[in-house]
Amino acid sequence: MSENDHRDDPTAEAAQGTSSSNAFTAVKLLAASALFYSAGLTFAETYQHMGARSNSLNSAHDIDAFTAANNNAYSYINWNGHGRRLSEAKISKENPPSYMKDLCEDLKARTKLMKETPPAEVKYWFEYTGPLQKYFYRYSRSRKKADSFEGRDDSGVVSSRFIEKVGGGEEYSSFFGKESSDIPTDEMASYKRLLDNCLAMGSESRPDRKSGSVWSELYKDDADRCRILFTLNTVGAGRLSTMLWETRPPTPHSVEPRPWISEQETAATHLERNLQEIDTMCASGLIAARVQVLVCEPIPGVWTDWMDSMLHNCGGKADPMKMKEGSSAKVEERASPVQVVVTANAKTAEVCHDLKSGFMEQRMQDLTLSPPYLTDENVNLKTFNPADKTTHPDLVSSDDHDLYVALKWSTLVTIRSVNAFLQASADLAIAATSTRSELSKEEQEDGVTVILSSDASSPFLVPSFVRVSYVSEENNKVAKWRMHGDFFHPAAWEICKDSFDMSWIPGSLSGSGGITDACHGEKDCGQWWVYFAEEQMPTTPEIYANEVTAPLVQGGSNYIYMLTERQRQEIVKVKVCLHAAGDDKSKKEQCGDSPQGVIPLGDMESFLMNFTPNTALGKKHASNRSPGYSRAEERDLDRAKVKERKQLKDQEDIEKALFDYTIYPAALFHKDATIKAARARDFATTGAKRDPEAIGPQKVKSGYYDVTITKPRHQQWAWCQAISRKGLCTLYADYFRSFADDRCLESCGMRKNWSKVERVTEEL
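About the thresholds
- Position numbers for residues count from 1 along each chain, tracking the sequence in the order it is written.
- Two thresholds apply to this predicted model, a pLDDT of at least 70 for residue-level local features and 80 or more for giving and counting side-chain atom pairs, whereas whole-chain, interface and lining totals are computed over all residues.
- Only hydrogens and water are set aside; all other atoms, that is, all heavy atoms of the structure, feed into the side-chain values.
- A pair of cysteine sulfur atoms is labelled a disulfide when the two atoms are within 2.5 Å.
- Segments assigned H or I by DSSP are reported as helices when at least four residues long, segments assigned E as strands when at least two residues long, and all are numbered from the N terminus.
- Partly exposed describes any residue whose relative accessible area lies between the buried limit of under 20% and the exposed limit of over 50%, with all areas from a 1.4 Å probe on protein chains only and scaled to the type maximum.
- Buried and open spaces are told apart on a 1 Å grid over the protein atoms alone, a cavity being a set of points where a 1.4 Å probe fits but cannot get out and a pocket being an open set with protein on both sides within 12 Å along at least five of seven lines. Residues with an atom within 4 Å of a point are the lining residues.
- Grid points are joined across faces, edges and corners, and a volume is the space filled by probe spheres set on the points.
- Each residue receives one of three labels: charged for Asp, Glu, Lys and Arg, nonpolar for Ala, Val, Leu, Ile, Met, Phe, Trp, Tyr, Cys and Pro, and polar for the others, Gly being one of them.
- In short, DSSP must find at least two bridges between two strands for them to pair.
- Axis lines are fitted to C-alpha atoms, over the contacting stretch for helices. Their N-to-C directions set the angle, which ranges from 0 to 180 degrees.
- Only heavy atoms enter the contact rule, under which two residues are in contact if any of them lie within 4.5 Å.
- A pair of Phe, Tyr and Trp rings is counted when the ring centres sit within 6.5 Å of each other, with Trp represented by its six-membered ring. The angle between the planes then sorts it: under 30 degrees is stacked, over 60 is edge-to-face, the rest tilted.
- Only one rule defines a salt bridge in this text: a Lys or Arg side-chain nitrogen within 4 Å of an Asp or Glu carboxyl oxygen.
- Here is the rule for angles: anything less than 35 degrees is roughly parallel, anything more than 145 is roughly antiparallel, 65 through 115 is roughly perpendicular, and the remaining ranges are oblique.
- We call a crossing left-handed when the near helix sits turned anticlockwise from the far one by less than a right angle, and right-handed when that turn is clockwise.
- To form a nonpolar core, buried Ala, Val, Leu, Ile, Met, Phe, Trp, Tyr and Cys residues must be joined to one another through side-chain atoms within 4.5 Å.
- Candidates for patches are residues over 30% relative accessible area with no salt bridge; among them, like charges are joined within 9 Å and nonpolar side chains (Val, Leu, Ile, Met, Phe, Trp, Tyr) within 5 Å.
- All accessible-area figures derive from a Shrake-Rupley calculation using a 1.4 Å probe, and residue coverage is judged against the displayed protein chains alone.

Asks: Tell me about the state of the cysteines, and please be specific about residues and values.
Replies: Per the stated rule, a full pass over the model turns up 7 disulfides. Between the sulfur atoms of C577 and its disulfide mate C591 the distance is 2.0 Å. One quick way to see it: the torsion about the S-S bond of C577 and C591 is about -75°, and its sign makes the bridge left-handed. Separated by 14 residues along the polypeptide, C577 in helix α17 (residues 565-581) and C591 in the loop between α18 (585-588) and β15 (596-600) bring together distant segments of the chain. Of the two residues examined, C577 and C591, each falls in the buried class.

Encoded structure:
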């Protein structure tokens, strides 16, 4: 088949293997284009949009035969023979695990600080004891120095701006970077929790890890790992106004210092950071990563070589200075962790580059899900197996994987976010094994309790992400205004306070050794979850792309999402059913609901993903496409009242900032979610006895947020809140879910009834 014939085939998915000769590569690319060349991996077009529904499919098969009787998204396997075991550590507050040592010292330091500081000098921000951070935002050629601001990022969000070291933050990088020989035997389950969760919800088919296999060539060992496919959308990546692939990448394994580069100048720095983070995941020994880079047209081979060299722990080209003697295989003679996929042909290339078209978002979903109707319109619904992939075998996405991560080049992914997603998915899976099927009368009345099960009627919940951005400090006045004194605040712009509700899911706490019950039948044991009530609303052009290609998860994002193999199979079942139903609404109703996005409250910041160019804030949303759209009429009434009362007379800029723009700080998101949950329980516990004249909580309150701001919080509350923000409730789950130490249960989102309101008699 010729190159042109191949491009005309809508289901063609040709890929040049890593062992292809240089001569074959040259011939192929000369036929494709004289402007582009490849030295390793060059991939032709994958497939066309499969938008047309097949009428013959609807008549050939009975759709009722395919309708699932249960929800298999919560199914799992706890593997034996992987050297995993339940935690053997005897956990107690007096005898904490070794990984808690630094946190215990931190609490002592906080206590000492508050004790030794005179009461008149104590400030509310004493609870933040993190180091001062410096952010360079502009280089002055005349003064030959960079302008910078100094402050603290207390949000707990991992950003490339303030966290230079890869690995998801200091605690995560040290935890997952520890050698196995340095881990106490009785704590091994804590360090292998990520892998255990991944294997439990991953593919039943395990890779060939024998000597001489591709696995041993890539990872140099025969130990099983969590197989993750990263599908990377690179549309829009560039250096200023030039497409990124038309520039030159940094020299692989170079050691010379680089000139300072702003966040907005080139996408290369953001792509590099993501590749470094993925490489760090492989270095942990727990993850086997493959990266599928989606492009609209063939790219120069130097970029493929550079990306390959960035993933040396995943099997890419090693640093020549660190390469062992005799290991000098060329890129075309070995397997590579990077695969470049050209997703468009000559007819669709222009549409592919259009950021409003939703073209690449659809390609990402197709490669992630690999539904059978992409290659066969006549899917047999009776014998169809969602675990089987029929897409082209040369595509890495056609292989078996345990976890799928789809993201845009501008969204930072870390091992922390992967660990958080797997743990949250495990928590939902164990909650679905509960024998409870109905809500009690009290739970029905509280309006927040949700019970999961494997029944088809059970909600299909998938942990989802929200992007956050720092302000773009191209203007120093804006920088000082946004910094709010001594603190830097990342903020969301695609959601607001009205975009979510809160839910309590009983039993949603998984233990160690795979997916195990951490509640052991205890009453009121579970976790609080942020439940998306609206779709996320990005600004233009992304909002229009979402309207063409809706996110896979309701309330989720097209620009960063993850799916376990079990979740992928369940979504594929729904997609195939909808495809077979065509335009028949009655048949579509039998296909089941789309997954719903949630975030665990106690690990919220791990699901707030940094938009690394940090240019999103301060942009106006398209008309009728802004967060809080479900309460747009109420907002319009509020704005009308403000004008009527002349509260913002001659202050149009402030009015516009309040009503026309969305800047939702991460800290405010956490506070609003906590207050919503605490108030829901307060209303439920007071019931008919609630005092209608009282202001504020009456029986149940948030111990951290429901305090006066004139006095500092107790050091223990500040300590626990910092633990939650940094994602340590999940990282150190064996300790915090042992219930031997209940000091941080509330901050970790694991206390249903929060704190009791203490009645104090006022002294007259």
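Asks: Let's hear about empty space enclosed by the protein: which residues, and what values?
Replies: Per the stated rule, a full pass over the model turns up 12 cavities of 30 Å³ or more. Of the pockets and cavities examined, the largest cavity occupies roughly 80 Å³. V158, L412, V413, T414, R416, S417, E605, S606, L608, M609 and N610 together form the lining of the largest cavity. Elements with a contribution of two residues or more to the lining of the largest cavity: α13 (415-431) and β16 (608-610). Ranked by the residues each element gives to the lining of the largest cavity, the list is headed by β16, at 3 residues. Tallied by class, residues from the lining of the largest cavity come to 5 nonpolar, 4 polar and 2 charged.

Asks: Go over the sheet that holds strand β10 (residues 466-469) with me, naming the residues and quoting the values.
Replies: An order of β16-β10-β11-β17 is seen for the 4 strands of this open sheet, with the pairing classed as mixed. The two strands at the open ends of the sheet, each matched to only one other strand, are β16 and β17 (664-665). For β10 and β16, the ladder comprises 3 bridges, and the chain directions are parallel. Bridged to V466 within β16 is L608.

Asks: Give me the lowdown on the packing of helix α9 (residues 268-283) against helix α10 (residues 301-309), citing residues and values where you can.
Replies: One can describe the packing of α9 onto α10 by two numbers: an axis separation of 10 Å at closest approach and a directional angle of 35°. Residues A268, L271, E272 and L275 of α9 form the contact with α10, whose own contacting residues are W303, W306 and M307. Tallied by class, residues from the contact of α9 with α10 come to 6 nonpolar, no polar and 1 charged.

Asks: Can you explain the packing of aromatic side chains? Please cite residues and give values.
Replies: Enumeration over the complete set of coordinates arrives at 21 aromatic pairs. Seen from their ring centres, F175 and Y732 are 5.9 Å apart, and the 55° between their planes marks the pair as tilted. Here Y732 lies in the loop between α23 (728-731) and α24 (733-736) and F175 lies in helix α5 (residues 170-176), a separation of 557 residues in the sequence. Classification of F175 as buried rests on a relative accessible area of 5%. Taking relative accessible area as the criterion, Y732 reaches 6% and is therefore assigned buried. Note on F421 and F465: the rings are 6.2 Å apart at their centroids and 20° apart in plane angle, and the pair reads as stacked. Taken together, the residues F421 in helix α13 and F465 in the loop between β9 (461-463) and β10 connect sequence positions 44 residues apart. Each residue in the set Y99, Y172, F175, F176, Y191 and Y732 is aromatic and connected to the rest through ring pairs, giving one cluster.

Asks: So what's going on with the pattern of salt bridges? Which residues, and what values?
Replies: A side chain with one charge may pair with a side chain of the opposite charge, provided their charged atoms come close. Counting across every chain of the model gives 26 salt bridges. Close ionic contact of D224 with R206 constitutes a salt bridge, the shortest N to O distance being 3.0 Å. Taken together, the positions of D224 in the loop between α8 (214-219) and β3 (226-233) and R206 in the loop between α7 (193-201) and α8 put the pair 18 residues apart, joining distant regions of the chain. The class of D224 is buried, set by a relative accessible area of 6%. For R206, a relative accessible area of 19% corresponds to the buried category.

Asks: Provide a residue-level description of the side chain of Q715, including the pertinent values.
Replies: Mapped onto the fold, Q715 is located in helix α22 (residues 715-725). Looking at Q715, the relative accessible area reads 16%, which means it is buried. Among residues more than four places away in sequence, those in contact with Q715 are L107, R110, T111 and M114.

Asks: Requested: an account of the environment of I299, with residues and values cited.
Replies: Assignment of secondary structure puts I299 in the loop between β6 (287-295) and α10. Distance from I299 to V340, taken between C-alpha atoms, is 8.5 Å for residues 41 residues apart in sequence.

Asks: Kindly report on the packing of helix α19 (residues 632-645) against helix α20 (residues 652-659), identifying the contributing residues and their values.
Replies: Helix-helix packing: each pair is described by the crossing angle between the helix axes and the interaxial distance. Across the interface, α19 lies against α20 with an axial gap of 11 Å and an inter-helix angle of 165°. In this view, α19 runs roughly antiparallel relative to α20, as classed from their interaxial angle. Crossing handedness for the pair α19 and α20: right-handed. For the pair α19 and α20, the contacting residues are R635, D638, R639, V642 and K643 in the first and E655, K656 and F659 in the second. In terms of residue class, the contact of α19 with α20 is made up of 2 nonpolar, no polar and 6 charged.

Asks: Break down the nonpolar core for me, citing the residues and quoting the values.
Replies: Membership of the largest hydrophobic core comes to 154 residues, with the highest contact counts inside it found for F230, I287, M307, V405, L452, Y732 and F736. Here this core gets 11 residues from one element, more than from any other, and that element is α13. Those residues in contact with V405 that sit more than four places away from it in its chain are I228, L229, F230, T231, V413, I560, Y561 and M562.

Asks: Explain the environment of H520 to me, and be specific about the residues and the numbers.
Replies: For H520, the location among the structural elements is in the loop between β12 (500-506) and β13 (526-532). A residue is classified by how much of its surface remains accessible, and H520, at 63% relative accessible area, is exposed. For H520 and L509, which are 11 residues apart along the polypeptide, the C-alpha to C-alpha distance reads 9.9 Å.

Asks: With reference to specific residues and values, describe a nonpolar patch on the surface.
Replies: There is a patch of nonpolar side chains on the surface, built from F136, Y139 and W260 and spanning about 310 Å² of accessible area. Its place among the elements puts Y139 in strand β1 (residues 133-140). Looking at Y139, the relative accessible area reads 41%, which means it is partly exposed.

Asks: Now, about the side chain of T231: what can you tell me, with residues and values included?
Replies: Along the chain, T231 turns up in strand β3. For T231, a relative accessible area of 1% corresponds to the buried category. In this structure T231 touches Q292, L294, M364, T368, V405, A406 and L407, once residues within four positions along its chain are discounted.

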